[in-house]
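Breakdown of the fold
One-letter residues, chain by chain:
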Amino acid sequence: MSTSIRRETQPLLALDDYPLAATRYHAERPQAQLLIAGATGVPQGFYRRFAEHAASRGFNTMTLDYRGIGQSKPDSLRGFEMEYLDWAHIDLAAAVDQHRHAERPLFMIGHSFGGHAFGLLPNHDQVAGFYTFGTGAGWHGWMPRAEQVRVLAMWRLIGPLMTRYKGYLAWSKLGMGEDLPLGVYRQWKRWCRFPRYFFDDPQMPGLAERFAQVKTPMVALNSLDDLWAPPASRDAFMAAYVNAPYQARTLDSQAEGLGAIGHMGYFRPAAQRLWDETLDWFEQLRVEQRAA
């Protein structure tokens, strides 16, 4: 991997003018644009190594912190009001608008929530290919029994106590990521009650129709040892992309010599072979779409 990738931190205005923090990783000879849509509570710095690797292979890459996360959070999350899906509707959508290029295709990487966000974008048609890791429906019933117990304890005991005391979910105290705004916590908790996540929520009509509009080629990769998003959970959620050319990739990380992956290991250096597999797929799409 190149160690001389030029990195540039810059402001990014969401569609409602909320100031976000974004970082561009500049390829020396760019062939395509790449946007990384991160997971819930994961700051953009976690994706730095992937972004640098992609830039070394000719992808001008952008990462961002959604509102309320990382460098895009206010001084205090207490009283900070937002909807969970603002991250897709107005934060990530603005990144698509700013990062696309008239002469190069735009591709997107998702991680967990990033796979949810894609179908919610008002401008998903600007993306030439989408590859997501660890995206699932969030329902505890898709998880192994021991993980179900831990997750239900968070939703039913720890989360309510924390949010009542703090005014937000102090997730960092649990070692699980960034603290989360109250609106994110409440909606996430609600949707994880349903086997097909927000598609099963009667308070969220019309989402299936929106996802059915997506026609972007996509791949969803989930590892067998991803306790939060095993393949069955992926299949329950990704079924909503009914009109997209779609491939499911199930990874046996031990058999493929990658060791433990879990829910976060897709973006750690040991998984570089997966990164190249993904970038190779984008390259193939770029060549095919240019020839069409």
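Residues numbered from 1 in each chain as written. Predicted model: local features only at pLDDT ≥ 70, side-chain atom pairs only at ≥ 80, totals over all residues. Heavy atoms only, no water.

On to the overall build of the protein chain, then. Counting secondary structure elements, the protein chain contains 8 helices and 8 strands. Expected size for 292 residues packed as a compact globule is a radius of gyration near 19 Å; at 18 Å, the protein chain falls within 12% of this value. C-alpha atoms of the protein chain, sized along the principal axes, occupy 55 × 40 × 40 Å. Here the protein chain holds 292 residues, and 59% of them are scored as buried. In the protein chain, the proportion of contacts linking residues at least 24 apart, taken out of those at least 6 apart, comes to 69%. Accessible surface computed for the protein chain: about 12600 Å², of which carbon and sulfur atoms make up 51%. (Helix = DSSP H or I, 4+ residues; strand = E, 2+ residues; numbered from the N terminus. Rg over C-alpha atoms; globule rule 2.2 N^0.38 Å. Buried < 20%, exposed > 50% of the residue type's maximum accessible area, 1.4 Å probe, protein only. Contact = heavy atoms within 4.5 Å. Areas by Shrake-Rupley, 256 points an atom, 1.4 Å probe, with all protein chains shown as cover.)

So, about the UniProt feature "domain: Serine aminopeptidase S33" (unreviewed entry) in the protein chain. Cross-referencing UniProt, the feature "domain: Serine aminopeptidase S33" (unreviewed entry) maps to residues 34-140 in the present numbering. The annotated region residues 34-140 carries 27% helix and 21% strand content, and the separation between its end C-alpha atoms amounts to 32 Å. (UniProt positions renumbered as here; feature names shortened; annotations may be inferred.)

On to the packing of helix 4 (residues 145-166) against helix 5 (residues 182-191), then. The interhelical angle for the contact between helix 4 and helix 5, taken along N-to-C directions, is 160°, at an axis separation of 12 Å. By the angle between their axes, helix 4 is roughly antiparallel relative to helix 5. Remark: the crossing between helix 4 and helix 5 carries left-handed chirality. Along its contact with helix 4, which presents Trp-155, Gly-159, Pro-160 and Thr-163, the element helix 5 presents Leu-182, Tyr-185, Trp-188 and Lys-189. Residues of the contact of helix 4 with helix 5, tallied by class, amount to 5 nonpolar, 2 polar and 1 charged. (Axes fitted to C-alpha atoms, helices over the stretch in contact; angles between N-to-C directions. Parallel < 35°, antiparallel > 145°, perpendicular 65-115°, else oblique. Left-handed = near helix turned anticlockwise from the far one by under 90°. Nonpolar A, V, L, I, M, F, W, Y, C, P; charged D, E, K, R; others polar.)

With that out of the way, let us pick up the nonpolar core. The biggest cluster of nonpolar side chains holds 63 residues, and the ones touching the most others in it are Met-108 and Phe-198. A total of 6 residues in this core trace back to one element, the largest contributor, which is helix 2 (residues 86-99). Sequence-distant contacts of Met-108, that is, excluding residues within four places in its chain, are made with Leu-34, Leu-35, Ala-37, Leu-92, Val-96, Phe-118, Leu-121, Val-127, Gly-129, Phe-130, Tyr-131 and Phe-282. Counting residues in each nonpolar core, the second largest holds 32 residues, with Leu-34, Leu-274, Phe-282 and Leu-285 among its members. (Core = buried A, V, L, I, M, F, W, Y, C linked by side-chain atoms within 4.5 Å.)

With that out of the way, let us pick up the sheet that holds strand 8 (residues 246-251). Taken together, 8 strands build an open sheet; the order of strands is 1-2-4-3-5-6-7-8 and the sheet is mixed. Pairing within the sheet leaves two strands with one partner each, and these edge strands are strand 1 (6-13) and strand 8. Neighbour to neighbour, the strand axes of the sheet diverge by 20° on average, direction disregarded. Sheet analysis places strand 2 (residues 19-26) next to strand 4 (residues 59-65), joined by 5 bridges and oriented antiparallel. The residue of strand 4 that forms the bridge with Ala-21 is Asp-65. The strands touched by helix 1 (residues 48-56) are strand 1, strand 2, strand 3 (32-37), strand 4 and strand 5 (106-111); relative to strand 4, the strand with the most contacts, the crossing angle is about 160°. Here helix 7 (residues 231-238) sits on the sheet and contacts strand 6 (129-133), strand 7 (218-223) and strand 8; the angle it forms with strand 8, its principal contact strand, is near 170°. (Pairing = 2+ DSSP bridges.)

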